[in-house]
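Each chain, written out:
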Amino acid sequence: MRVIAGKYRGRILAEFKGRAVRPTSDRVKESVFEILSRRFQGARVLDLFCGSGALGIESLSRGAEEVIFNDSSRESVLLTKKNLAALKCEGKVLQMDYAAALGAVSGKFDLIFVDPPYSSGLYTRVLELIAQYDRLNTDGRVVCESEEEIAVPACYRIADARAYGRTRVTFLERI
């Protein structure tokens, strides 16, 4: 797994061993970040299920001003911190479940990455909480990575949706 573009381009990130955790493939990441390319400069980003931190780190590499990384897994938090330290870049790292994190962070975000375990069924609840806590800027995007089409609450509209093999990426904006 590598950083695709920007300040840390080409740098290799530490990954989880085994198949228990499914990182976003470089192909999917490259496509997603190309679609979002004009949104990173000075952006505030929340990587809600950060895993290794790859999506948030790619955001920092492309000019995001602030990234908050969150995961409920201690292993994920440690790996994210390891990757940030290796690149000598900064980001706030939280270890909370998604609901607690959405309640604990302050302000609004330009981009929110939502990539929970595919089988979790959390997408609708996460999207509802993002709206309830008013965490998305007016022109912001929520980027959901899933295996199947997700149910989208009425307060959002689908700005774009793409499929990459078994992976679906849905870009949402508030109505």
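Our subject is the structure that appears above.
All of the points below concern the structure found in this document. (Residues numbered from 1 in each chain as written. Predicted model: local features only at pLDDT ≥ 70, side-chain atom pairs only at ≥ 80, totals over all residues. Heavy atoms only, no water.)

Considering the pattern of salt bridges
As a reminder of what qualifies: Definition used for salt bridges: Asp or Glu carboxyl oxygen within 4 Å of a side-chain nitrogen of Lys or Arg. Only DSSP runs of H or I reaching four residues or more are called helices, and only runs of E reaching two or more are called strands; each is numbered from the N terminus. The classification of residues rests on relative accessible area computed with a 1.4 Å probe and restricted to protein chains. Under 20% of the type maximum is buried, over 50% is exposed, and intermediate values are partly exposed.
Inspection of every chain in the model, using the stated rule, returns eight salt bridges. Measuring nitrogen to oxygen at the nearest pair gives 3.1 Å for the salt bridge that ties Asp 134 to Lys 108. With Asp 134 in the loop between helix H5 (123-132) and strand S5 (136-146) and Lys 108 in the loop between helix H4 (98-104) and strand S4 (109-114), the pair connects residues that are 26 residues apart, well separated along the chain. One salt bridge connects Arg 125 with Glu 128, and the closest N-O pair in it is separated by 3.8 Å. Taken together, the positions of Arg 125 and Glu 128, both in helix H5 and three residues apart, correspond to about one turn of that helix. Owing to a relative accessible area of 37%, Arg 125 belongs among the partly exposed residues under this scheme. Within the structure, one salt-bridge network assembled from shared partners comprises Arg 141, Arg 157 and Glu 173.

Some points on the sheet that holds strand S6 (residues 156-164)
Note the cut-off: Pairing between two strands is assigned when DSSP locates at least 2 bridges connecting them. Whenever a helix is involved, its axis is fitted only over the stretch in contact; in every case the axis is a line through C-alpha atoms, and angles between N-to-C directions fall within 0 to 180 degrees. Every residue pair with non-hydrogen atoms within 4.5 Å of one another is taken to be in contact.
Spatially, the seven strands line up as an open sheet ordered S3-S2-S1-S4-S5-S7-S6, and their pairing is mixed. Every interior strand has two partners, whereas the edge strands, strand S3 (92-94) and S6, have only one. Recorded for the sheet is a direction-independent mean angle of 15 degrees between the axes of neighbouring strands. Along the sheet, helix H3 (residues 74-87) contacts strand S2 (66-70) and S3; its crossing angle with S3, the most-contacted strand, is approximately 170 degrees. Where H5 meets the sheet, its contacts fall on S4, S5, S6 and strand S7 (167-174), and the angle it forms with S5 comes to roughly 170 degrees.

Considerations on the side chain of Asp 71
For clarity, the cut-off: Polar contacts, as used here, are pairs of N or O atoms within 3.5 Å; protein pairs need one atom able to donate a hydrogen and one able to accept it. Residues neighboring in sequence count only if both atoms are side-chain atoms.
Along the polypeptide, Asp 71 turns up in the loop between S2 and H3. For Asp 71, the side chain forms a polar contact with the main-chain nitrogen of Cys 50, separated by 3.3 Å. Non-local contacts of Asp 71, meaning those with residues more than four positions away in its chain, are made with Leu 48, Phe 49, Cys 50, Gly 51, Ser 76, Val 77, Leu 94, Gln 95 and Met 96.

Observations regarding H3
Selection rule: To estimate how far a helix should extend, the number of its residues minus one is multiplied by 1.5 Å. Of all possible arcs, the one meant is that of the directions from the helix axis to the C-beta atoms.
Relative to the 20 Å expected for 14 residues at 1.5 Å per residue, H3 spans 20 Å between its end C-alpha atoms, a close match to the ideal helical length. Those residues of H3 that sit buried are Ser 76, Val 77, Leu 79, Thr 80, Asn 83, Leu 84 and Leu 87. Buried residues of H3, seen end-on, are gathered within an arc of 165 degrees and therefore sit on one face of the element. Residues of H3 that are exposed and point over 90 degrees away from its buried face: Arg 74, Glu 75, Lys 82 and Ala 85. In this fold, the buried residues of H3 make contact with helix H2 (54-61), S2 and S3.

Side note on the nonpolar core
The following threshold applies: Residues enter a nonpolar core if they are buried and are Ala, Val, Leu, Ile, Met, Phe, Trp, Tyr or Cys, with the set joined through side-chain atoms within 4.5 Å.
By size, the foremost hydrophobic cluster in this structure holds 30 residues, and its most contacted members are Val 32, Leu 36, Phe 69 and Phe 113. Looking at this core, the elements with two or more residues in it are helix H1 (26-35), H2, S2, H3, S4 and S7. Among the elements that take part in this core, H2 stands out by supplying four residues, more than any other. Contacts of Phe 69, omitting those with residues within four sequence positions, involve Asp 47, Cys 50, Gly 53, Gly 56, Ile 57, Leu 60, Thr 80, Leu 84, Gly 91, Lys 92, Val 93 and Leu 94. Of all hydrophobic cores here, the second largest spans 25 residues; its members include Leu 46, Val 105, Phe 109 and Cys 144.

Some points on the pairing of S5
Inclusion rule: With its strands directed away from the observer, a crossover is right-handed exactly when the path from the first strand over the helix to the second travels clockwise.
Taken across its eleven residues, S5 has eight buried, putting it largely inside the fold. Where S4 and S5 come together, five bridges link them in parallel fashion. Bridging across to S5, Phe 113 finds its partner in Val 143. Between the parallel pair S4 and S5, the chain is carried across by H5, and the sense of this crossover is right-handed.

Here's the deal with the side chain of Ser 146
Along the chain, the position of Ser 146 falls in strand S5. The class of Ser 146 is buried, set by a relative accessible area of 1%. Here Glu 148 takes part through its backbone oxygen, which lies 2.7 Å from a polar atom of the side chain of Ser 146. Once you skip the residues sitting within four places of it in the chain, Ser 146 turns out to touch Tyr 118, Tyr 123, Arg 166, Thr 167 and Arg 168.

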